[in-house]
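Breakdown of the fold
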Amino acid sequence: MIEVTIDSIRVSLLSQNRIVVLKEEHSERFLPIWIGPFEADAITLQLQGMEAPRPLTHDLLKAVIETLGAEVLHIFINSLERNTYFARIVLDMNGETMEIDSRPSDAIALAVRVSVPIYVAEEVMEQAGMMPEEEMTLAEEGGRRPEYGDASTEDLGAFKDFVEGLDLDSLLGN
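Numbering of residues begins from 1 in every chain and follows the order in which that chain's sequence is written. At least 70 in pLDDT is required for a residue's local features to be given in this predicted model, at least 80 for side-chain atom pairs to be given and counted, and no such filter applies to totals for whole chains, interfaces and linings, which use all residues. For the side-chain quantities, the full set of heavy atoms in the structure was used; hydrogens and water were omitted.

This part covers the pairing of strand β2 (residues 18-24). Partly exposed describes any residue whose relative accessible area lies between the buried limit of under 20% and the exposed limit of over 50%, with all areas from a 1.4 Å probe on protein chains only and scaled to the type maximum. For the purposes of this entry, the term helix denotes a DSSP run of H or I that reaches at least four residues, the term strand denotes a run of E that reaches at least two, and both are numbered from the N terminus. Of all seven residues in β2, seven are buried; the element is thus mostly enclosed. A two-sided burial pattern is seen for β2, the buried positions comprising R18, V20, L22 and E24 on one face and I19, V21 and K23 on the other. Pairs of strands are assigned from DSSP output, requiring at least two bridges between the strands. Counting the residues in the hairpin turn of strand β1 (residues 2-11) and β2 gives six residues, including Q16, whose phi is positive at 65°. The pairing of β2 with strand β3 (residues 30-35) spans six bridges and is classified as antiparallel. Bridging from a neighbouring strand, V20 pairs with I33 of β3. Counting the residues between successive antiparallel strands, the hairpin from β2 to β3 contains five residues.

Dropping the structure here:
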């Protein structure tokens, strides 16, 4: 299991889809996971220390777990099948470890509420983890940055569309 932290939540300008970006604890590797807008908002509200006027679903889940005398130990993103991530909420209930199937977005929203670690299976990180591309200097590029039509970037079409649609200014508060 690889421990990760929430690096950011990003918004696509083209589709308004959200992505939670998890960063490996002792590495520069990232794991992007598409999530719904409600789950993104639930995670963001908690990370920013804001309270909703009424409990959100993840607040309710936290209250139910605590009322039943259980404790969340950690969250585990354990599988990636046909572009769908799967997660487990790992609980301790009277000394017995229990695992509950969950969408990663719901598990992460719960994790930020109960302050527990988030882990990713090594196989999932190997399959979908990404390293940030290093910046190339102008000298290395012969005095210019590559254009999207260059042979070195031709196979990045879907990723290029995604990156161009990100609203980074709103994430940075600009």
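Here the focus is the sheet that holds β3. Sheet architecture is open: seven strands sit in the order β3-β2-β1-β7-β4-β5-β6, paired in mixed fashion. At either end of the open sheet lies a strand with only one pairing partner, and these are β3 and β6 (96-102). Between one strand axis and the next, the sheet turns through 35° on average, direction left out of account. With three bridges joining them, strand β4 (residues 70-81) and strand β7 (residues 118-120) adopt parallel strand pairing. In the sheet register, I77 faces β7, and the bridge partner there is V120. As a rule, the C-alpha atoms of each element are fitted with a line to give its axis, helices using only the stretch in contact, and angles between N-to-C directions run from 0 to 180 degrees.

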